[in-house]
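Remarks on the overall topology
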Amino acid sequence: MKVCRRETFNAAHRLFNAHWSDEKNMEVFGKCSNPNFHGHNYVLETWIDGEIDEETGYVIDLKKLKDLIRDEISERFDHRNLNLDCVEFEKLKPSAENIAFVIWNILREKLDAKYGLSVRLWETENNVVEYSGQ
Ligand code: NI
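Residues numbered from 1 in each chain as written. Predicted model: local features only at pLDDT ≥ 70, side-chain atom pairs only at ≥ 80, totals over all residues. Heavy atoms only, no water.

Quick word on the coordination of the nickel ion
Coordination of the nickel ion by the protein comes from His13 (NE2), His38 (NE2) and His40 (NE2), over a distance range of 2.1 Å. Site description for the nickel ion: donor spacing in sequence, H-x24-H-x1-H. Classification of His38 by relative accessible area gives buried; the value is 19%. (Donors = N, O, S within 2.8 Å, 3.2 Å for Na, K, Ca; no water. Buried < 20%, exposed > 50% of the residue type's maximum accessible area, 1.4 Å probe, protein only.)

As structure tokens, this is what we get:
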């Protein structure tokens, strides 16, 4: 059984490879390489996979999951510049793929091992990435 909590956060980023020329960065990343950064309204879906608990009827208490996402993800990334403010992206390009990877690792550490975890991160209405640990 899978259950999901949806949360949103806003953050700015820039995709840029310091080893490349400005022209090459523009060619590969387009507007995402704009030197003055740009923002996204990220939609984060956190999917938990597990058994239904007989006593509660829940797979997981979604209120507790909501609090975990707020404390560990929203507090860390909401209204931040991912490139400049977040140590997680000092050496990692803040692409949707890498943001999902970072979020999955943070949540995985805090969640009971009995649960499966998958995160889906919508960067735009049309672009989504998913990470489940591999
Ligand atoms: Ni972008």
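So, next bit.
Description of the pattern of salt bridges
Inspection of every chain in the model, using the stated rule, returns nine salt bridges. Among the salt bridges present, the one from Asp67 reaches Arg70, with a minimum N-O distance of 3.4 Å. Taken as a pair, Asp67 and Arg70 lie in helix H2 (residues 62-77) at a separation of three residues, close to a single helical turn. The exposure class of Asp67 is buried, given its relative accessible area of 18%. Among the salt bridges present, the one from Lys110 reaches Glu72, with a minimum N-O distance of 3.9 Å. Separated by 38 residues along the polypeptide, Lys110 in helix H4 (residues 96-110) and Glu72 in helix H2 bring together distant segments of the chain. Of the residues examined, Glu72 reaches a relative accessible area of 16% and is grouped as buried. It is possible to trace a salt-bridge network through shared partners that takes in Lys63, Asp67, Arg70 and Asp71. (Salt bridge = Lys/Arg side-chain N within 4 Å of Asp/Glu carboxyl O. Helix = DSSP H or I, 4+ residues; strand = E, 2+ residues; numbered from the N terminus.)

A short note on the nonpolar core
Grouped together as the largest cluster of nonpolar side chains are 31 residues, with contacts concentrated most on Phe9, Ile48, Ile73, Phe77, Ile103, Val119 and Leu121. Looking at this core, the elements with two or more residues in it are strand E1 (2-13), strand E2 (38-49), H2, H4, strand E4 (116-122) and strand E5 (128-131). For this core, the element with the most residues is H4, which contributes eight residues. (Core = buried A, V, L, I, M, F, W, Y, C linked by side-chain atoms within 4.5 Å.)

Let's talk about the pairing of E1
As paired elements, E1 and E2 share twelve bridges and run antiparallel to each other. Pairing of Arg5 across the sheet is with Thr46, part of E2. As paired elements, E1 and strand E3 (residues 80-81) share two bridges and run parallel to each other. Among the inter-strand pairings, Ala11 is bridged to a residue of E3, identified as Arg80. (Pairing = 2+ DSSP bridges.)

Side note on the packing of aromatic side chains
Taken as a whole, this structure holds six aromatic pairs when the rule is applied. When the centroid spacing of 5.8 Å and the interplanar angle of 25° are considered together, the rings of Trp20 and Phe29 count as stacked. Relative to Phe89, the ring of Phe77 lies with its centre 5.8 Å away and its plane at 50°, an arrangement referred to as tilted. Of the two residues, Phe77 is situated in helix H2 and Phe89 in the loop between helix H3 (82-85) and H4; the sequence distance between them amounts to twelve residues. Here Phe77 and Phe89 have matching classes, each one buried. (Phe/Tyr/Trp six-rings, centres within 6.5 Å; stacked < 30°, edge-to-face > 60°.)

Some thoughts on the side chain of Glu7
By the secondary structure assignment, Glu7 is in strand E1. By relative accessible area, which is 17% here, Glu7 ends up buried.

A closer look at the packing of H2 against H4
Across the interface, H2 lies against H4 with an axial gap of 10 Å and an inter-helix angle of 145°. Here the hand of the crossing between H2 and H4 comes out right-handed. For the pair formed by H2 and H4, the contact residues are Leu68, Glu72, Ile73, Arg76 and Phe77 on the first element and Val102, Ile103, Ile106, Leu107 and Lys110 on the second. Looking at side-chain class alone, the contact of H2 with H4 contains seven nonpolar, no polar and three charged residues. (Axes fitted to C-alpha atoms, helices over the stretch in contact; angles between N-to-C directions. Left-handed = near helix turned anticlockwise from the far one by under 90°. Contact = heavy atoms within 4.5 Å. Nonpolar A, V, L, I, M, F, W, Y, C, P; charged D, E, K, R; others polar.)

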